[in-house]
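Tertiary structure, described
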Amino acid sequence: MDSRFACLFLSLAAATAGAAEVTVQNDSLTDFSTGIVQAGFVANEKGASWLTSPCTGNIVAAQIFWRSLSGNTGKLLGGSIDIHRAGTYPEPGVLAEQIAGPVLTDGVLNEYRYLDDNSTIPLSVPVVTNETVVVAYRFAEAPTASGPSLVNDTNGIQAGRNAIYANLGGGIFVWASSETFGVSGDWVIRAVVDCQSSGSEADVSATITTTPDLYTPGAALSHSMTIANIGPADAPSVIVFDAFPATYTGVTWSCAASAGANCTSGGSGNISQSVSLPAGSQVAYTVNATIVANAMGVLSNTVTAVVNAPNTDPDSSNNAATANTAPLSDRIFASGFESQP
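Numbers given for residues are sequential positions, taken from 1 along each chain in its written order. With pLDDT at 70 or above as the cut-off, local features in this predicted model cover only qualifying residues; side-chain atom pairs require 80 or more to be listed or tallied, and sums for whole chains, interfaces and linings still use all residues. Values shown for side chains rest on all heavy atoms present in the structure; no hydrogens or waters enter the calculation.

Thoughts on the pairing of strand S18 (residues 220-232)
Here is the rule: Think of it this way: DSSP has to see at least two bridges between two strands before they count as a pair. Each helix is a run of DSSP H or I of at least 4 residues and each strand a run of E of at least 2, with the numbering of both proceeding from the N terminus.
With 9 bridges joining them, strand S17 (residues 202-211) and S18 adopt antiparallel strand pairing. From the neighbouring strand, Ser205 faces S18, where its bridge partner is Ala228. In terms of strand pairing, S18 meets strand S23 (residues 282-291) through 9 bridges, oriented antiparallel. Bridging from a neighbouring strand, Met225 pairs with Tyr285 of S23.

See below:
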């Protein structure tokens, strides 16, 4: 454990995002609750929060709580705020955006919505539901023993959610979990996600066709089934379910995804899986089975697609598709040949 990170207790007032926005945070700080200043950083070290978006939208702001023991040291020019795609904890992935030289005010939850000093280039990092991103603050210089510096909460630290980019000496920097350095709480480093206002509605539909049109007992039969999302929003979690009739034996299936969709490539037996369907994408299933030798009457098979929260489906009438397949013998009797002279 690194002894550089000393604890200083304080109170804070937190801010909230607008009605169409969601503040994503690991920390538990609320208005006038207690936090801890961590003043043991040196120049170019970073503190980072691993944050998970609750929706599809755009990160439009980053928030850093910056505080000294007194809370009145004024303003300071910081290093940068770096927003990364998730990598392998504790090391972030690719840099998605950077706010260079943020001005930090002591004693407040500082919010940054622009990349430039003139407030003309808005911060906008696209994210999807359940995507994890990393928001890191880089120090331009070492804070004094009493701060100001980054703050963490006081009710425990969540594993895999807080990291430090630390100087090990000799110009060697490495990413490590905050726990390695004795930090006992979650960083007050947050992101504000503008969830797409139209983004909750995803019109998902199901279709099914059968080959051959009529079945023969003991022979093969196949279905082609398509689950499509015409939008307007992405649907990252859609449950596809098909419980095949008992008259189907040896059922196998494969799935092909297109336009950014994602599905399990194949399996056997009933289908029950979660697929991801961006707007305009689809997944196509091919089902192969053998009809039992004593099958008779019309065989009915239904595939259903259910859109999971936080999305909703504006048209539930097209979420299920049914194939009713009659035996080949029905066509023989219905041909009218028996009525010919």
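The discussion continues.
Topic: the sheet that holds strand S25 (residues 320-325)
Quick note on the threshold: As a rule, the C-alpha atoms of each element are fitted with a line to give its axis, helices using only the stretch in contact, and angles between N-to-C directions run from 0 to 180 degrees.
Taken in spatial order, the 4 strands line up as S22-S19-S24-S25 in an open sheet, and their pairing is antiparallel. The sheet terminates laterally at strand S22 (271-277) and S25, the two strands that pair on one side only. Along the sheet, successive strands turn relative to each other by an average axial angle of 15 degrees, direction set aside. With 6 bridges connecting them, strand S24 (residues 299-307) and S25 associate as antiparallel partners. By the bridge assignment for S25, Ser300 is matched with Asn324.

Looking at the sheet that holds strand S14 (residues 162-169)
Taken together, the 6 strands give an open sheet; going across it, the order is S8-S7-S12-S4-S14-S15, and neighbouring strands pair in antiparallel fashion. Of all the strands in the sheet, just strand S8 (95-100) and strand S15 (172-177) have a single pairing partner and so form its edges. Strand-to-strand twist of the sheet, defined as the mean angle between neighbouring strand axes without regard to direction, takes the value 20 degrees. Here strand S4 (residues 46-52) pairs with S14 via 4 bridges, running antiparallel. Note that in S14 the partner of Ser49 across the bridge is Asn162.

Considering the pattern of salt bridges
The test is simple: Salt-bridge detection follows one rule: a side-chain nitrogen of Lys or Arg within 4 Å of a carboxyl oxygen of Asp or Glu. Accessibility here uses a 1.4 Å probe with only protein chains present; expressed as a share of the type maximum, an area under 20% marks a residue as buried, one over 50% as exposed, and anything in between as partly exposed.
Tallied over the entire structure, the rule returns 5 salt bridges. With a shortest N-O distance of 2.8 Å, Glu131 and Arg85 are connected by a salt bridge. Here Glu131, found in the loop between strand S11 (125-127) and strand S12 (132-138), pairs with Arg85, found in strand S7 (residues 80-85); they are 46 residues apart in sequence, far enough to count as distant. Overall, Arg85 belongs to the partly exposed group, its relative accessible area being 23%. Linked through salt bridges whose partners overlap, the residues forming this network are Glu21, Glu111 and Arg113.

Structural notes on the environment of Pro217
Here is the rule we go by: The contact criterion used is simple: two residues touch if any of their non-hydrogen atoms lie within 4.5 Å.
Mapping Pro217 onto the fold places it in the loop between S17 and S18. Note on Pro217: relative accessible area 36%, which makes it partly exposed. Remark: the alpha-carbon pair of Pro217 and Val292, spanning 75 residues in sequence, is separated by 5.8 Å. With residues near it in sequence (within four places) discarded, Pro217 still touches Ile291, Val292, Ala293 and Ala295.

What about the packing of aromatic side chains?
The description of two aromatic rings rests on the distance between their centres and on the angle between their planes. Defined as follows: Pairing of aromatic rings covers Phe, Tyr and Trp, the last through its six-membered ring, and needs centres within 6.5 Å; plane angles under 30 degrees mean stacked, over 60 mean edge-to-face, and all others mean tilted. By the criterion adopted, a ring carries a charge over it if an Arg CZ or a Lys NZ lies within 6 Å of its centre and within 35 degrees of its normal.
One pass over the structure, following the stated rule, counts 10 aromatic pairs. Aromatic side chains Phe41 and Trp187 sit 5.7 Å apart centroid to centroid with 45 degrees between the ring planes, which places their arrangement in the tilted category. With Phe41 in the loop between strand S3 (34-38) and S4 and Trp187 in the loop between S15 and strand S16 (189-195), this residue pair connects regions lying 146 residues apart in the sequence. Accessibility assignment for this pair places Phe41 and Trp187 in one class, buried. Each residue in the set Phe41, Trp66, Tyr137, Phe139 and Trp187 is aromatic and connected to the rest through ring pairs, giving one cluster. Looking at Lys46, its charged tip hangs above the ring of Tyr165, at a distance of 5.2 Å from the centre.

Side note on the side chain of Ser149
Selection criterion: A 3.5 Å cut-off defines polar contacts: any pair of N or O atoms within that distance qualifies, except that in protein one atom must be a possible hydrogen donor and the other a possible acceptor, and neighbouring residues in sequence count only when both atoms are side-chain atoms.
Of note, Ser149 is situated in strand S13 (residues 149-152). Of note is the side chain of Ser149, whose polar atom sits 2.5 Å from the backbone oxygen of Gln38. Apart from residues no more than four positions distant in its own chain, Ser149 is found in contact with Val37, Gln38, Ala39, Phe41, Phe65, Trp66, Arg67, Phe139 and Pro143.

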